[in-house]
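# Descriptive structure summary
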Amino acid sequence: TARGSLDSQEEQHPTNARSFNYRRRVSFTSVQLRQYCRECGDNPSVTKGVPLAIGWKYNEGEVMDIDCYETEKECNGQPKECHRLSAQEREDILIKIGGHSRNQIVTAQFEASTDQKLRYETLDKLGGYEKAKHIGPRERVLILKESAARKLDRACKGTTSSKEQRLLWEKAQQAALLKEEEVDGEATSP
């Protein structure tokens, strides 16, 4: 991961005697490379094995001039594309570099598998994997239209989706309590 230092400069260009047109310019002067720790991920898109993610901890590398970095990168012939790691490669990275135990890896695999099953249930509700995979432009427009309508409705009501979910949950609890009271009332009446 690269991080550059940022120099922002404002230049004044008079457009007429009374006003100034400000032009902003951004330039990067240096790059600092960081090596992040490897963690068990939570991405359910893996087809086999444990997902891989980066953690918050990192080791700082040297700071170098951005032009030198770009030249060195070109000379080393660093690949421009990332390749997909196999399940065994991800597991080896987590054990050797990340310091994770087999138990942590198995737990993360199980959680990813559970999330994957939930994803497939959602796809089934959309009409199956093949249908969801090949949603046409008409269906996408309908999905976007429905989503926009829900968001507009929430904005007009001054609520959020989490508030709506909480209200629905409260209504469901109230309905369950009323039903329980009805059942109790029927059981006690002669």
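About the criteria used
Residues numbered from 1 in each chain as written. Predicted model: local features only at pLDDT ≥ 70, side-chain atom pairs only at ≥ 80, totals over all residues. Heavy atoms only, no water. Helix = DSSP H or I, 4+ residues; strand = E, 2+ residues; numbered from the N terminus. Buried < 20%, exposed > 50% of the residue type's maximum accessible area, 1.4 Å probe, protein only. Contact = heavy atoms within 4.5 Å. Areas by Shrake-Rupley, 256 points an atom, 1.4 Å probe, with all protein chains shown as cover. Phe/Tyr/Trp six-rings, centres within 6.5 Å; stacked < 30°, edge-to-face > 60°. Lys NZ or Arg CZ within 6 Å of the ring centre and 35° of its normal. Patch = residues over 30% accessible without salt bridge, like charges linked within 9 Å, V, L, I, M, F, W, Y side chains within 5 Å. Salt bridge = Lys/Arg side-chain N within 4 Å of Asp/Glu carboxyl O. Lys, Arg positive; Asp, Glu negative; His and termini not counted. Charge placed at Lys NZ, Arg CZ, Asp CG, Glu CD. pLDDT = per-residue confidence, 0-100. Arc of directions from axis to C-beta.

## A word on the overall build of the chain
A count of helices and strands for the chain gives six helices and three strands. Each helix (α) and strand (β) of the chain, taken in turn from the N terminus, gives the series β-β-β-α-α-α-α-α-α. Counting every position in the chain, which comprises 190 residues, the buried fraction comes to 16%. A sequence separation of at least 24 residues applies to 54% of the contacts in the chain between residues at least 6 apart. Surface summary for the chain: the accessible area is close to 16,100 Å², and the carbon and sulfur share equals 53%.

## With respect to the packing of aromatic side chains
Taken as a whole and assessed by the stated rule, the structure comprises one aromatic pair. Judged by centre distance (5.3 Å) and plane angle (45°), the ring pair of Y36 and Y58 falls under tilted. Of this pair, Y36 sits in strand 2 (residues 20-40) while Y58 sits in strand 3 (residues 52-65), and the two are 22 residues apart along the sequence. Residue classification places Y58 among the partly exposed residues on the basis of a relative accessible area of 32%. Between R34 and the ring centre of Y58, over which it is positioned, the NZ or CZ distance is 4.0 Å.

## Some points on a negative patch on the surface
On the surface, a cluster of negative charge is made up of E180, E181, E182 and D184. As for its position among the elements, E182 is in helix 6 (residues 161-188).

## What about the confidence of the model for the chain?
Per-residue confidence for the chain averages 76 on the pLDDT scale, and 74% of its residues sit at or above 70. Of all the helices and strands in the chain, strand 1 (residues 2-14) carries the lowest mean pLDDT, 46, while helix 2 (residues 87-96) carries the highest, 90. Every residue in residues 1-11 is under pLDDT 50, and counting partners more than four places away or in other chains gives 35 contacts.

## Concerning helix 2
Burial in helix 2 covers these residues: A87, R90, E91, I93 and L94. The buried residues of helix 2 occupy an angular sector of 160° when the element is viewed end-on, so they sit on one face.

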